[in-house]
Amino acid sequence: MLTSLGVTLLFSLIVAAIGAVMGTIVAWVLVRDNFPGKRLVNAVIDLPFALPTIVAGLTLIALYGPRSPFGIHLAFTRGAVAVALLFVTLPFVVRSVQPVLLEIDKEVEEAAMSLGASNMTTLRKIVLPALRPAIVAGAALAFARAIGEFGALVLIAGKVQIASIIIFADVENDSPQAAAALSVVLLVVSLLVLLVIRRLGGRSAH
């Protein structure tokens, strides 16, 4: 149980960190750039919200399983767990950052650049501070989703020790006490994450 909890928390943290970076980049591209197929990409971002997670698991098995069309066999490895969790959690960061980017006044960025600030300085001093609360909130939601994810992992995780799969196995093996204990831990962690998000939201409102 402790091993599965440690592995789950570690993977959730890693995926949340990767999602914070990738999600911010995707949100930036969708808001600031125009390109063919932009509407399609924007719609695909929400796919994990609408798609049953077991279907996501089947899709990942087809793409990265033994018969992968790309020749990439990740099924039943920790790499597959990371890919599955990133797929279901990335939209949280994108959708948290996107509306904030839309509200940022471009005139402030243009004024900074007219005063000699480089693109990197403008990004670091003006854009990122405005985006930081949204990035943190999106990453926290991604982390909370990742620690409890089951459907996208049950087919592709194999013997990788994941808390949600261990809970399911404990229930199947008539060990409700062990399942309940691990479930309570995950519940407490999720509640703490949500409290942090609310606190950050309150600070940003002020």
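Located above this text is the structure these notes cover.
Summary of the structure given here. Because the structure is a prediction, the values reported are computed rather than measured.

## What to know about the overall build of the chain
Piece 1. Scanning the chain for helices and strands turns up nine helices and zero strands.
Piece 2. Along the chain, helices (α) and strands (β) appear in the sequence α-α-α-α-α-α-α-α-α when read from the amino end.
Piece 3. Viewed in the frame of its principal axes, the chain has a C-alpha envelope of about 65 × 45 × 25 Å.
Piece 4. Accessible area for the chain stands at about 11,600 Å²; split by element, carbon and sulfur atoms hold 68% of it.
Piece 5. Taken together, the 15 basic and 11 acidic charged side chains of the chain have centroids lying 5 Å from each other.

## A look at the layout of surface pockets
Piece 1. Volume-wise, the largest pocket comes out at about 170 Å³.
Piece 2. Met22, Val44, Ile45, Leu47, Pro48, Val83, Leu86, Phe87, Leu90 and Pro91 are the residues that line the largest pocket.
Piece 3. Those elements that provide at least two residues to the lining of the largest pocket are helix H2 (38-45), helix H3 (47-50) and helix H5 (78-103).
Piece 4. Looking at the lining of the largest pocket, the element that brings in the most residues is H5, giving five residues.

## Some words on a nonpolar patch on the surface
Piece 1. On the surface, Leu10, Ile14, Ile18 and Met22 cluster together into a nonpolar patch covering about 330 Å² of accessible area.
Piece 2. Structurally, the position occupied by Ile14 is in helix H1 (residues 2-32).

## Structural notes on the packing of H5 against helix H7 (residues 119-148)
Piece 1. Axis separation between H5 and H7 bottoms out at 8 Å; the angle between their running directions is 155°. The angle between H5 and H7 places the two elements in the roughly antiparallel class. Considering the relative orientation of H5 and H7, their crossing is right-handed. Contact residues: H5 offers Leu85, Val88, Thr89, Phe92, Val93, Ser96, Val97, Val100 and Leu101, while H7 offers Ala130, Leu131, Ala134, Ile135, Gly138, Ala139, Leu141, Ala142, Arg145 and Ala146.
Piece 2. For the contact of H5 with H7, the class distribution of residues is 15 nonpolar, three polar and one charged.

## Regarding the environment of Phe70
Piece 1. With respect to the helices and strands, the residue Phe70 is situated in the loop between helix H4 (53-64) and H5.
Piece 2. Given the relative accessible area of 51%, Phe70 is considered exposed.
Piece 3. It is 28 Å that separates the C-alpha atoms of Phe70 and Leu10, two residues lying 60 residues apart in sequence.
Piece 4. Ignoring any residue separated from it by four or fewer positions in sequence, one finds Phe70 in contact with Leu63 and Tyr64.

## Digging into the packing of aromatic side chains
Piece 1. Within the structure shown, the criterion is met by three aromatic pairs.
Piece 2. For the pair Tyr64 and Phe70, a centre-to-centre distance of 6.4 Å together with 40° between the ring planes defines the contact as tilted.
Piece 3. The ring of Trp28 is capped by Arg32, whose NZ or CZ atom sits 4.5 Å from the centre of that ring.

## As for the pattern of salt bridges
Piece 1. Overall, the coordinates contain two salt bridges when judged by the stated rule.
Piece 2. Where Arg145 meets Glu149, a salt bridge forms, and the shortest distance between an N and an O atom there is 2.9 Å.

Rules and cut-offs
Residues numbered from 1 in each chain as written. Predicted model: local features only at pLDDT ≥ 70, side-chain atom pairs only at ≥ 80, totals over all residues. Heavy atoms only, no water. Helix = DSSP H or I, 4+ residues; strand = E, 2+ residues; numbered from the N terminus. Areas by Shrake-Rupley, 256 points an atom, 1.4 Å probe, with all protein chains shown as cover. Lys, Arg positive; Asp, Glu negative; His and termini not counted. Charge placed at Lys NZ, Arg CZ, Asp CG, Glu CD. 1 Å grid on protein atoms, 1.4 Å probe; cavity = no way out; pocket = protein on both sides within 12 Å on 5 of 7 lines; lining within 4 Å. Points joined across faces, edges and corners; volume = space filled by probe spheres on them. Patch = residues over 30% accessible without salt bridge, like charges linked within 9 Å, V, L, I, M, F, W, Y side chains within 5 Å. Salt bridge = Lys/Arg side-chain N within 4 Å of Asp/Glu carboxyl O. Axes fitted to C-alpha atoms, helices over the stretch in contact; angles between N-to-C directions. Parallel < 35°, antiparallel > 145°, perpendicular 65-115°, else oblique. Left-handed = near helix turned anticlockwise from the far one by under 90°. Contact = heavy atoms within 4.5 Å. Nonpolar A, V, L, I, M, F, W, Y, C, P; charged D, E, K, R; others polar. Buried < 20%, exposed > 50% of the residue type's maximum accessible area, 1.4 Å probe, protein only. Phe/Tyr/Trp six-rings, centres within 6.5 Å; stacked < 30°, edge-to-face > 60°. Lys NZ or Arg CZ within 6 Å of the ring centre and 35° of its normal.

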